[in-house]
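The residues making up each chain are set out below.
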Amino acid sequence: MKTDYIKVVKFGGSSLADAAQFKKVIQIIRDDESRRYVVPSAPGKRFSGDFKVTDKLYECYNAVVTEKNWMNVLNVIKERYAEIVDGLGIDFDLETPFDEIAKHIESGAGSDYIASRGEYLNALILAAALGYDFIDAADVLFFEDSGMLDAYKTQKVMSTVLKLHPRAVIPGFYGSLSDGTIKTFSRGGSDVSGSVVARACNADLYENWTDVSGFLVADPRIVDSPKTIDVITYHELRELSYMGANVLHEDSIFPVRMAGIPINIRNTNKPSDKGTMIIAHADSSVSANIITGIAGKGGFSVLTIEKDMMNSQVGFGRKVLQVFEKYSISFEHLPSGIDSMGVIVSTAALDRKRDVIINEICRSVEPDSIQLEEGLALVAVVGRGMVNACGTAARIFSAIAEVGVNVRMIDQGSSEYNIIVSVAEKDMNKTIRAIYEEFSRDLS
Ligand code: ASP
């Protein structure tokens with residue numbers, strides 16, 4: 001039996017925004033001795049209108065390149081850390097790291113170096129407060145020159161280094177290129193760092209602590225107090241994030257998914273909430289609601305092409321799609337009938353290419369009719385439980401019909417994990433509410 005249960009815990013910016021939040025984080029880590037590796041973000045906003053340290057650091061870089069007084073900006077950031085250190089009552093010298101940062105800036109440090117210092121400083125402070133070792137991410141997380149994560153080298157070096165440090169804090173968001181230059185992930189990338197650390201130490205669980213108690217079944221701006229999703233598979237999460245339901249950086253799934261490590265989204269401000277568990281596969285021991293989540297996104301157009309006997313014309317679909325490919329537009333969905341096919345694309349991507357695309361399709365396949373409709377929204381109903389539940393589609397459509405919304409198009413993924421309906425943009429929220437209402441009584 002495995003005795004050394006390991007959790008990697010990543011804390012987002014709002015969890016480390018000030019000393020009071022730091023204290024919650026420290027308590028959470030101390031409450032469970034398996035929380036051995038900690039990955040912090042930089043301090044986020046304390047209140048609305050406040051600044052995020054990372055944004056200020058980018059501002060500092062801009063001041064450097066525009067030859068403004070960058071030292072003033074850096075001092076505002078230092079002030080912020082001084083408040084944290086004071087509030088924690090720890091003996092921590094801020095002068096040395098800030099002198100070192102200023103020196104690097106003077107000698108021409110790039111924007112990634114400057115932006116990464118938010119995480120670097122937070123990790124130093126947290127390590128000191130916890131009595132954990134500090135491991136600089138630049139020494140264990142590597143990027144290829146193309147800017148992609150060098151997963152192979154990172155795994156090799158990081159797993160070896162972590163074995164030497166039973167408890168450590170590793171700053172999120174950055175690593176280094178082969179020449180040692182600091183390189184960051186895209187914004188929100190500490191989620192990815194946490195995932196990489198979890199894989200490197202072969203963690204049993206990757207806890208991602210933020211300011212919400214997990215994923216919600218629907219967007220709370222649309223549905224009043226939606227329920228939290230207890231368990232979601234990576235696959236379902238992907239479907240929902242594609243529709244814009246974002247809590248986690250998209251790239252953070254890959255490293256842990258490969259290693260079969262579950263992710264638990266937790267709330268630093270409500271540590272007793274169980275949060276959402278993201279798992280690779282839900283076997284039958286994990287009970288599933290019929291639907292896991294509902295998400296909607298506007299800004300779509302559908303091009304409907306009709307032609308008699310289309311079904312017997314080999315290559316019809318390819319010719320239509322080739323035109324979109326030529327103009328670098330990827331299609332989102334392809335609902336089709338016997339003599340018609342629809343191509344759903346983002347309206348923004350069509351932009352000023354709509355007329356040429358329509359003309360070229362007309363020349364290529366000589367349709368009986370072709371029609372473009374803009375202002376559509378897609379609503380995705382996602383759930384692994386749908387496979388075993390009869391009548392789910394019927395329930396979705398009667399709920400939508402009852403609120404008087406006209407469904408423009410339907411697309412059910414062949415995996416039976418999702419049903420996507422397209423409605424007029426103005427009806428999107430109403431549709432989501434109707435579906436939520438219909439299924440909310442079944443949600444555990
Ligand atoms: N601090 C960085 C950002 O604001 C990275 C992160 O928080 O994950 O994007």
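This write-up is about the structure you can find in this document. (Residues numbered from 1 in each chain as written. Predicted model: local features only at pLDDT ≥ 70, side-chain atom pairs only at ≥ 80, totals over all residues. Heavy atoms only, no water.)

### A word on the packing of aromatic side chains
Enumeration according to the criterion identifies 4 aromatic pairs in this entry. With 6.2 Å between their ring centres and 55° between their planes, Y81 and F98 make a pair best called tilted. You can see Y81 sitting in helix α3 (residues 70–88) and its partner F98 sitting in helix α4 (residues 95–106), a full 17 residues away along the chain. Accessibility expressed as a relative area gives 3% for F98, which makes it buried. Directly above the ring of F142 sits K153, whose terminal nitrogen or CZ lies 4.2 Å from the centroid. (Phe/Tyr/Trp six-rings, centres within 6.5 Å; stacked < 30°, edge-to-face > 60°. Helix = DSSP H or I, 4+ residues; strand = E, 2+ residues; numbered from the N terminus. Buried < 20%, exposed > 50% of the residue type's maximum accessible area, 1.4 Å probe, protein only. Lys NZ or Arg CZ within 6 Å of the ring centre and 35° of its normal.)

### A look at the sheet that holds strand β12 (residues 340–346)
Reading across from one edge, β12-β11-β13-β15-β14 is the order of the 5 strands in this open sheet, with antiparallel pairing throughout. Each edge of the open sheet is held by one strand with a lone partner, namely β12 and β14 (409–412). Across the sheet, the mean angle separating the axes of adjacent strands is 35° when strand polarity is ignored. Looking at chain direction, strand β13 (residues 369–382) and strand β15 (residues 418–424) are connected through 7 bridges and run antiparallel. From the neighbouring strand, V381 faces β15, where its bridge partner is I419. Across the sheet, helix α8 (residues 234–242) is in contact with β11 (293–306), β13 and β15; its angle to β11 comes to roughly 70°. In this fold helix α14 (residues 428–440) packs onto β11, β13 and β15, with an angle of close to 125° to the strand it touches most, β11. (Pairing = 2+ DSSP bridges. Axes fitted to C-alpha atoms, helices over the stretch in contact; angles between N-to-C directions. Contact = heavy atoms within 4.5 Å.)

### Focus: the sheet that holds strand β7 (residues 205–210)
Strand order in this open sheet of 8 strands is β3-β4-β2-β1-β7-β9-β10-β8, and the pairing throughout is mixed. Only two strands of the sheet have a single partner each, and these edge strands are β3 (133–134) and β8 (231–233). Bridge analysis of strand β1 (residues 7–11) against strand β2 (residues 35–40) gives 5 bridges, and the strand direction is parallel. Within the sheet, the bridge partner assigned to K7 lies in β2 and is R35.

### Observations concerning the site of the ligand
The ligand sits among S41, T54, E119, F173, R187, G188, G189 and S190. One of the backbone N or O atoms of S190 is found 2.9 Å from an oxygen atom in the ligand. In the complex, 90% of the free accessible area of the ligand, which totals 260 Å², lies under the protein chains. Split by residue class, the shell around the ligand holds 1 nonpolar, 5 polar and 2 charged. (Near = heavy atom within 4 Å. Polar contact = N/O pair within 3.5 Å; in protein donor to acceptor, adjacent residues only side chain to side chain. Areas by Shrake-Rupley, 256 points an atom, 1.4 Å probe, with all protein chains shown as cover. Nonpolar A, V, L, I, M, F, W, Y, C, P; charged D, E, K, R; others polar.)

### Section: the packing of helix α6 (residues 151–164) against helix α7 (residues 190–200)
Any two packed helices are characterised by how steeply their axes cross, that is the angle between the axes, and by the distance between the axes. Two elements in contact, α6 and α7, have axes separated by 8 Å at closest approach and are oriented at 70°. Taken together, the axes of α6 and α7 are roughly perpendicular relative to one another. Here α6 runs over α7; the crossing is right-handed. Across from T154, Q155, M158, S159 and L162 in α6, the residues of α7 making contact are V196, V197, R199 and A200. Across the contact of α6 with α7, the residue classes tally to 5 nonpolar, 3 polar and 1 charged. (Parallel < 35°, antiparallel > 145°, perpendicular 65-115°, else oblique. Left-handed = near helix turned anticlockwise from the far one by under 90°.)

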